[in-house]
Amino acid sequence: MSGLFAVRRLLLCGGLGLVLPGLVLGAVLVSLEEAADTQLANGAPRLLQKRSTVNNMVEVYSVTVDCTVTSRFAHTVITSKALNKANSSQEIFFEVELPKTAFITNFTMEIEGRVYVGVVKEKEKAKKQYETAVKAGQTAALVKASGRKMENFAVSVNIAALSNVTFTLTHEELLQRKLGQYEILTRVKPKQRIQEFKIVTNIYEPQGISYVDVHSTFLSNELLPLVEKTVTDKKANIFFSPTLEQQRSCPDCEGSVIDGDFIIKYDVKREKGLGDIQVINGYFVHYFAPPDLRRVPMNVVFVIDESGSMSGPKIWQTREAMVAIIQDLREDDHFGIVVFDDRVRVWKSSLQQATKQTVQDAKEFTKTIRSRGGTDINAGVLKGVDMLRTARTDGILPQRSSDMIILLTDGMPNSGVSNPVQIQKNVREAIGGNMSLNCLGFGNDVEYPFLDVMSQQNKGLARRIFEDSDAALQLQGFYEEVSSPLLLEVDLKYPSNTVDFLTTNHFNQLFNGSEIIVAGRLMDNDIDNFLVEVFGVGYEDYQVQGQASVSDWGVMYPDEKYIFGDFTERLWAYLTIQQLLDKSKVGSPQEKDNITAKALEMSILYNFVTPLTSMVVTKPETDDTPQVADKLTEEQRQQAERSGLTTARKVSYQAPKRPTYLVDGDPHFLIELPDREDALCFNINDKPGTIFTLVKDQESGVLVNGQIIGDKAVPPDGQINTYFGRFGIVHQTLGVYLDVTTQDISVLQDGNWVKLLWSGTASLKGPNMDLLLTKDRSLTVTLKDSVKFVILLHKVWEKHPYHRDYLGFYTLDSHLLSPNVHGLLGQFYHSIEFEVSDLRPGGSPEKPDATMFVKGHELNVTRGWQRDFRRDIKKGESIPCWFIHNNATGLIDGEARDYVVSGLFSTL
């Protein structure tokens, strides 16, 4: 999704059509859309209020992604050129999707020969300028989170009639080696065909290139030959530039077939010994990843959260992943399993060697993990530490082996010791620097900063696990990264009188498939006495030393000296800033302040957009409106996900591909539209006993009415909740009648009423209707050649003083009904056109208000959440949505009272 999350979503899916096509590519997304009065504020989009009626008057005629990788340091330049063919000015958006690990270093707009350049400033100063602009009703553009790996930068500019604009954005990053390879990802999702479309990548690796693979999700047999790949010993060139005709999705289609990821993976040649050292312009970079080292045996305790919040897909996927991970343990490994909620239980009281029998026993134990209780992270981790410490003291473990804890949790500690700072202190003191703690945070409710700091304090890594259908693979992938330690306590030493401003040169672990990188500045250019030493503890002691030799880049690349320049210095600066940002999370307040100040100073000096800086772009307008691009922290990305305002929506386990229409709760209506990645929700309040028409399709004869029930007593706050407690379902053409209450289900069959009880399980198949009843949970109604409904039973504690059992109603396969279907729910089955604008603070920080334009009305709406209970009948799955107030007045046709009927099977 683009940075203008809701803009693109509503244009594409609101039935209005996309006026000007968009283009996503490379770590880059370039979009041009015809729009007016558009605003971005508070890290979230302000959406279109009005739309030009002129179509296809802006042409994107050139897009180029030019990536140069010099010794792992990637410098990417994205250029997009567009022409306003209209006789009036047009508002154009430029959006860039770049890796979250990259720093933006430059952004320019060239309009009619005049160049406008983004300026990097301290974030607080940029924020003040931005706030001034917002108060004046002006425009600001912000970076937003975009999925797991990307973030989205968006700016807009007004282009005069018959004028050109050239956008250029540059970003840089140090490629990280994972599982034995580097990866360059270019995301390509054009919404149109481009006259000049190029992806060009040049890789320069003085160590020598061992292989280069290029693949894509969209490369057909016809497109595959268009990828030109030239690889020599130390250089690779990849070029992809399909013509307009080759981009066509089908012979008679105007759309583009190019839609997906363009991925380059490569690795370099490696020799035993010191590794590779490169020196250019007074800075050096040392790459260390020796081949053929023997793996160090691993002693690992898996500490698994099985609290109530892990219910549903999380716990299923955790079990699935753990079975695979345990299966991959080596015979010389030792392992243990600790599971915790508000209590702690263990598979075995001590660590076990990974024999075939223990692995099989552990897999069986893993299958017993169930969600329940609270979250006592402190007790769970300390138990794992104690098991490792005891096993080490008792001599159970090999002397040369790596001790590790892997913690998986999805929430905040709320049982036992619940103060995060105290837990961190307890864990740090218990570990005492003798083992590593890796923390995996599952979902967007987890307190990730707490886990991040705790892992950094204990020689470990923290990683977020996203609640997607591939969560089990994410868990397995992380384990694969850390499951093969090669060296522990690695020190890389250089002459103190030769180098200064050294990046981190001590590393707790070197894993198979990864790489250690150290950079620094030379005090002078004389490196005749540049002695390098490397020490580490592995299966055997590792110690090597030698004189650094300098490669002659001019000889290796005689025709391309111009591309290298100061890359070693910029690589050193990038690495230094990243490490300072990590160090600023731990230590005393004064230490944090000093480290942050140094990182800020370097960010401004090297023109990097980091979490401490912002890029301010002044638009070519008379009001000099500033636009501000920020770099997001992981915590900010998570907060955006919680509010549902990221550019990429959470994909649920086994998520439905079709729209979801439901009514559940008090009674909450939800219209979820996955194609546009958004949802609408509203409440209908009325007195108990009222019957509403939810679905009415005269053409097919389908009718669904629902009756409201209320609490059985007035709660202390005086607020009586109402729910749907009875549904009547009719298919007049098929002669089907159902009466569903919280006690039973009555079915008219062959002229007779047959009663089913919720206390049993049943499956009825008939010529016109199939019923599947799951005991005390759900009823699935499938009408012949037509729609399917699911009714959920919510059981409440029988002795509850106020609440009572109620029903939820869900529609599947709604597209099988006629275009004229109506009702409180049915009117949304086919399409709904709306736009949202003027996002502003609401009653709470995570629930902003906005203005919605729908059906000729201007409504005040609030960003909120609604629950889909199909996969978790107790807690449900939170769905972000725009909440329409006042019984959905303005959204629904007419008023809520217009849908009231006299009987369960009556029509309006």
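Residues numbered from 1 in each chain as written. Predicted model: local features only at pLDDT ≥ 70, side-chain atom pairs only at ≥ 80, totals over all residues. Heavy atoms only, no water.

## Some details on the overall build of the protein chain
Looking only at helices and strands, one finds 13 helices and 55 strands in the protein chain. Counting every position in the protein chain, which comprises 908 residues, the buried fraction comes to 57%. Put simply, 67% of the contacts in the protein chain that link residues at least 6 apart link residues at least 24 apart. Carbon and sulfur atoms form 47% of the exposed surface of the protein chain, whose accessible area is close to 37000 Å². (Helix = DSSP H or I, 4+ residues; strand = E, 2+ residues; numbered from the N terminus. Buried < 20%, exposed > 50% of the residue type's maximum accessible area, 1.4 Å probe, protein only. Contact = heavy atoms within 4.5 Å. Areas by Shrake-Rupley, 256 points an atom, 1.4 Å probe, with all protein chains shown as cover.)

## Quick look at the sheet that holds strand β36 (residues 626-630)
If you trace the 3 strands from one edge of the open sheet to the other, you get β10-β35-β36, paired in antiparallel fashion. Whereas interior strands pair on both sides, the edge strands pair on one side only; in this sheet they are β10 (119-122) and β36. In this sheet, neighbouring strand axes are inclined to one another by 35° on average, regardless of whether the strands run parallel or antiparallel. Bridge analysis of strand β35 (residues 613-618) against β36 gives 5 bridges, and the strand direction is antiparallel. In the sheet register, Val616 faces β36, and the bridge partner there is Val628. (Pairing = 2+ DSSP bridges. Axes fitted to C-alpha atoms, helices over the stretch in contact; angles between N-to-C directions.)

## Some thoughts on the sheet that holds strand β31 (residues 506-511)
If you trace the 4 strands from one edge of the open sheet to the other, you get β31-β29-β33-β34, paired in antiparallel fashion. Edge positions in the sheet fall to β31 and β34 (541-547), since each has one partner strand and no second. Here the average twist between neighbouring strands, direction ignored, is 25°. Sheet topology note: the strand β29 (residues 485-493)/β31 ladder contains 5 bridges and is antiparallel. Each residue of the ladder has a partner; that of Asp491, found in β31, is His506.

## Section: the environment of Glu635
Its place among the elements puts Glu635 in helix α13 (residues 634-643). A relative accessible area of 37% means that Glu635 is categorised as partly exposed. Residues Glu635 and Asn444, 191 residues apart in the sequence, show an inter-C-alpha distance of 9.7 Å.

## Looking at the state of the cysteines
Taken as a whole, this structure holds 1 disulfide when the rule is applied. Covalent S-S linkage joins Cys681 and Cys881, the inter-sulfur distance amounting to 2.1 Å. As the torsion about the S-S bond is roughly 65°, the Cys681-Cys881 disulfide counts as right-handed. One end of the pair, Cys681, is in strand β39 (residues 678-683); the other, Cys881, is in strand β54 (residues 877-884), with 200 residues separating them in the sequence. Both residues of the pair, Cys681 and Cys881, belong to the buried class. (Disulfide = S-S within 2.5 Å.)

## Focus: the pattern of salt bridges
One pass over the full model with this rule turns up 41 salt bridges. One salt bridge connects Lys100 with Glu634, and the closest N-O pair in it is separated by 3.1 Å. Linking Lys100 in the loop between β7 (90-99) and β8 (103-111) with Glu634 in helix α13, this pair joins segments that are 534 residues apart in sequence. Between Arg840 and Asp838 there is a salt bridge, with the nearest N and O atoms lying 3.0 Å from each other. According to the relative accessible area criterion, Asp838 is partly exposed, its value standing at 25%. Members of the salt-bridge network, linked through shared partners, are Arg72, Arg177, Glu205, Asp267, Arg270 and Glu515. (Salt bridge = Lys/Arg side-chain N within 4 Å of Asp/Glu carboxyl O.)

## Some words on helix α7 (residues 420-431)
Helix length check: α7, at 12 residues, gives a terminal C-alpha distance of 16 Å against a target of 16 Å (1.5 Å per residue), a fit within 8%. The set of residues buried in α7 consists of Ile423, Gln424, Asn426, Val427, Ala430 and Ile431. Along the axis of α7, the buried residues cluster in a sector spanning 165°; they form a single face. Away from its buried face, by an angle of more than 90 degrees, α7 presents the exposed residues Val421 and Glu429. (Expected span 1.5 Å × (residues − 1). Arc of directions from axis to C-beta.)

## Section: the confidence of the model for the protein chain
Taken residue by residue, the protein chain gives an average pLDDT of 84. The fraction at 70 or more is 87%. Within the model, the stretch residues 1-55 combines pLDDT values under 50 with 215 contacts to residues more than four positions away or in other chains. Note that pLDDT drops below 50 for residues 648-657; the model gives that stretch 28 contacts with residues more than four away or on any other chain. (pLDDT = per-residue confidence, 0-100.)

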